[in-house]
Amino acid sequence: MKYISHCIFILLLISCKTDKKEIITPTVQPIRGVIAQKAMVVSAREEASKIGVEIMKKGGNAFDAMVATEMALAVSYPFAGSLGGGGFMVYRKANGETGALDYREKAPLAATKNMYLDENQNPIPQKSQLGSMAIGVPGTVAGIFAVHEKFGSLPIKDILQPVVKLAQQGFVVTKKQKRRFDNYKDLFFEVNKDTIVFAKNYKTGDTIKNLKLASTIQRIIDNGRSEFYQGETGKKIVDHIQSNGGIITMEDLSKYEAKWRAPIQFKYRDLSIISMSPPSSGGVCLAQIMKMIEPYDLNSFGHNSLKTIQVLTEAERRAYADRSFYLGDPDFVDIPLDTLIHKSYLTNRMSDFSFDKATKSSDINCGLISGYESDETTHYSIVDQFGNAISVTITLNGAYGSKLYVPEIGTFLNNEMDDFSAKPGTPNMFGLIGAEANSIAPEKRMLSSMTPTIVEKDGKLWMSVGTPGGSTIITSVLQTILNVTEFGMTMQEAVDAPRFHHQWLPDVVVFEPNSFDTGLLDSLKQKGYKINQENSRIIGKVDGILKLEDGTFEGGADKRGDDTAVGF
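Residues numbered from 1 in each chain as written. Predicted model: local features only at pLDDT ≥ 70, side-chain atom pairs only at ≥ 80, totals over all residues. Heavy atoms only, no water.

The next thing to look at is the nonpolar core. Here is a general trend for soluble globular proteins: nonpolar side chains tend to be buried in one another's company. Core analysis: the biggest nonpolar cluster contains 85 residues, and Met66, Met89, Tyr103 and Ile390 have the highest contact counts within it. In terms of residue count, the dominant contributor to this core is helix α2 (residues 62–76) (11 residues). Beyond its immediate chain neighbours, meaning those up to four positions away, Met89 contacts Phe63, Met66, Gly99, Ala100, Leu101, Tyr103, Val147, Trp260, Met276, Ile390, Ser391 and Val392. Counting 84 residues, the second-largest nonpolar core is a separate cluster that includes Ala321, Val455, Val465 and Ile531. (Core = buried A, V, L, I, M, F, W, Y, C linked by side-chain atoms within 4.5 Å. Buried < 20%, exposed > 50% of the residue type's maximum accessible area, 1.4 Å probe, protein only. Helix = DSSP H or I, 4+ residues; strand = E, 2+ residues; numbered from the N terminus. Contact = heavy atoms within 4.5 Å.)

In structure tokens:
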């Protein structure tokens, strides 16, 4: 059954010659996103997408555009973009070479395993979520310079000067952005003890200039990567953190390095999937889920049908249980990757699934192996005129991160320390349960759900996709890929389609409100599934690019945000 987003029905035509009623087959008119001939950027803000595209128009490649887009989001999308955050990039070069970059934040040298526990050894959530103690050592600036050093083709000045101009001239506040500023205004005051540029009473259509951030980016242009990790900018950040009671030092900054890693790669039917490896859980979980569902004929079940939802939910339940136990920073823990994504292991994981009734999460634990992140994130996808493609997900973790703002620098700082397991067996802010593998240790990278992904079909580039959404990232990317390959959707239809989510614990299937038939939800309840759509937040804001049969690109920008596709 194919997903039909819009139909023009020509019902009954009377033929004058035959006097007979002729029934005409309904004409399906697919909804397409922006079409580009050569190159495209899809990101959370139009300003960032435009700057990335302009870099490619000047002859830059996707990696040059990555640097520009990332920094433009730091200016125009402070909700999740920032010099004080980090992220992951997956790439595929025109020659088929693939790889991944980890510029995830790290725990400070002074961090300890029990730093967020009270005298009774219970977690103190606010301590790991708000203010100076929640901050991990930022990786954003190291990430963009690592990309530029390895793959960049234009001078860093040419790439970042448009971003400085954006910060100087300002960005326009959208309706959705105004609502976010208003929602967090009280926390901005609570954490910063003073007003900040984003705590004012903005109206939709206002322009926000960030002259301090413009000056910071200009210093980075002039002095390079060391400006942030050893220079004036780094010192101002550390002074501000420490004056607010934090523990990050200049030694923490100077020791930070982005890491090139091998991505997770696997097959699903005629597709080759390239996704992020640990310390992101995204690629492993995506591989597990897709391999567990592969034996089932989802196309015949139908999009968001009872059986399709059951199969996906049960596979997700088992993958997230494994995530909680086995996954963490590979530099600190041994992860049995080959076994976790092996067909025989995953076949066994689904052996107790039945269409007759739901499996209880309390009956599911991690799989037995012998011997052995965030709602407020953002994603962008880029393809260039040379055949290169990247998929990047970046984050501060919570909305505006720790809410601690550095006025002299013009940026928020992350609260990534909450992505560690403060205490094994207890949930973080997204309800994800962690184990010893993700416990806190100095210089360790916290586990993430970010899932930047590139898909090949018949050995050629087919799709770049990813999303924000905390623990829902993995399932949103999964459903978007399936929407195209199993249910025949366009890229725009795929990112806009209603989504649902399950993550093992809590044992609840979350549905987007007012998007699913009540009869379908009642059927799931009768089979023992616990349903929540009343209190559901937005499940992902997917940005994707699909290469069409004629060689052009379709950009899908999620309708749930201000996301925008721009191409040429």
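Next comes the rest of the description.
For the rest of this paragraph, the subject is the pattern of salt bridges. Within the structure shown, the criterion is met by 32 salt bridges. The shortest N-O distance in the salt bridge between Glu554 and Arg32 comes to 2.8 Å. Here Glu554 falls in the buried class, since its relative accessible area comes to 0%. Among the residues examined, Arg32 registers a relative accessible area of 41% and is labelled partly exposed. Glu443 is paired through a salt bridge with Lys106; the nearest N and O atoms lie 3.4 Å apart. Taking relative accessible area as the criterion, Glu443 reaches 25% and is therefore assigned partly exposed. (Salt bridge = Lys/Arg side-chain N within 4 Å of Asp/Glu carboxyl O.)

Further remarks concern the confidence of the model for the chain. Across the chain, the average pLDDT comes to 92, with 91% of residues at or above 70. Below pLDDT 50 for its whole length, residues 1–25 participates in 41 contacts with residues either more than four positions away or in separate chains. (pLDDT = per-residue confidence, 0-100.)

On inspection of all chains with the given rule, the structure shows 27 aromatic pairs. With a centroid separation of 5.8 Å and 90° between ring planes, the pair formed by Phe151 and Trp260 is classed as edge-to-face. Of this pair, Phe151 sits in helix α4 (residues 140–151) while Trp260 sits in strand β11 (residues 259–261), placing them 109 residues apart in sequence. A relative accessible area of 32% means that Trp260 is categorised as partly exposed. Ring centres of Tyr296 and Phe355 lie 6.1 Å apart, and the angle between their planes is 85°; on these two criteria the pair is classed as edge-to-face. Here Tyr296 is found in the loop between α11 (282–293) and α12 (298–301), whereas its partner Phe355 is found in the loop between α15 (343–349) and β14 (377–383), with 59 residues between them in sequence. (Phe/Tyr/Trp six-rings, centres within 6.5 Å; stacked < 30°, edge-to-face > 60°.)

One open sheet holds the 3 strands; their spatial order is β20-β21-β22, and the pairing between them is mixed. Across the chains shown, the open sheet's two edge strands, defined by having one partner strand only, are β20 (500–501) and β22 (531–532). Where β20 and strand β21 (residues 509–511) come together, 2 bridges link them in antiparallel fashion. Bridging from a neighbouring strand, His501 pairs with Val510 of β21. (Pairing = 2+ DSSP bridges.)

Mapped onto the secondary structure, Glu443 falls in the loop between β17 (411–412) and β18 (453–457). Put simply, Glu443 and Gln526 are 83 residues apart on the chain and 48 Å apart in space, counted from C-alpha to C-alpha. With residues up to four places along the chain from it excluded, the contact list for Glu443 reads Lys106, Ala107, Pro108, Leu109, Lys255, Asp329 and Phe332.

Taking the numbering used here, the UniProt-annotated feature "active site" (unreviewed entry) corresponds to Thr377. Summarising the element assignment, Thr377 is placed in strand β14. If we ignore the near neighbours within four places in the chain, the residues touching Thr377 are Ala80, Thr393, Ile394, Thr395, Met450, Pro468, Gly469 and Ile473. Polar side-chain contacts of Thr377 include one of 3.1 Å to the side chain of Thr395. (UniProt positions renumbered as here; feature names shortened; annotations may be inferred. Polar contact = N/O pair within 3.5 Å; in protein donor to acceptor, adjacent residues only side chain to side chain.)

On to the UniProt feature "binding site: L-glutamate" (unreviewed entry) in the chain. As recorded in UniProt, the feature "binding site: L-glutamate" (unreviewed entry) lies at Arg104, Thr395, Leu396, Asn397, Asp419, Ser448, Ser449 and Gly470. Tracing the backbone through its elements, the reader meets Thr395 in strand β15 (residues 389–395). For Thr395, a relative accessible area of 1% puts it in the buried group. Relative to the elements of secondary structure, Leu396 occurs in the loop between β15 and β16 (405–406). The exposure class assigned to Leu396 is buried, which follows from its relative accessible area of 0%.

Tracing the sequence through the fold places Ser153 in the loop between α4 and α5 (156–169). Sequence-wise, Ser153 and Asn122 are 31 residues apart; in three dimensions their C-alpha atoms are separated by 51 Å. The contacts of Ser153, once residues within four sequence positions are left out, are Gly59, Gly60, Asn61 and Asp64.

Glancing now at the packing of α2 against α4. Relative orientation of the contacting elements α2 and α4 amounts to 160°, with a least axis distance of 9 Å. With respect to α4, the element α2 is oriented roughly antiparallel. Along this stretch, α2 crosses α4, giving a crossing that reads as left-handed. Contact residues: α2 offers Phe63, Asp64, Met66, Val67, Glu70 and Met71, while α4 offers Thr140, Ile144, Val147, His148 and Phe151. Looking at the contact of α2 with α4 residue by residue, the class counts come to 7 nonpolar, 2 polar and 2 charged. (Axes fitted to C-alpha atoms, helices over the stretch in contact; angles between N-to-C directions. Parallel < 35°, antiparallel > 145°, perpendicular 65-115°, else oblique. Left-handed = near helix turned anticlockwise from the far one by under 90°. Nonpolar A, V, L, I, M, F, W, Y, C, P; charged D, E, K, R; others polar.)

Turning our attention to helix α1 (residues 46–57). Given 3.6 residues per turn, any residue in an α-helix points the same way as the ones three and four places further on. Taking 1.5 Å of rise per residue, 12 residues should cover 16 Å, and α1 covers 16 Å from first to last C-alpha, within 8% of that figure. Three or more residues of α1 are buried, namely Glu47, Ala48, Ser49, Ile51, Gly52, Val53, Ile55 and Met56. Those residues of α1 that are buried are in contact with β6 (40–43), α2, α5, β9 (171–172), β14 and β25 (564–567). Positive backbone phi, at 105°, marks Gly59, one or two positions downstream of α1. (Expected span 1.5 Å × (residues − 1).)

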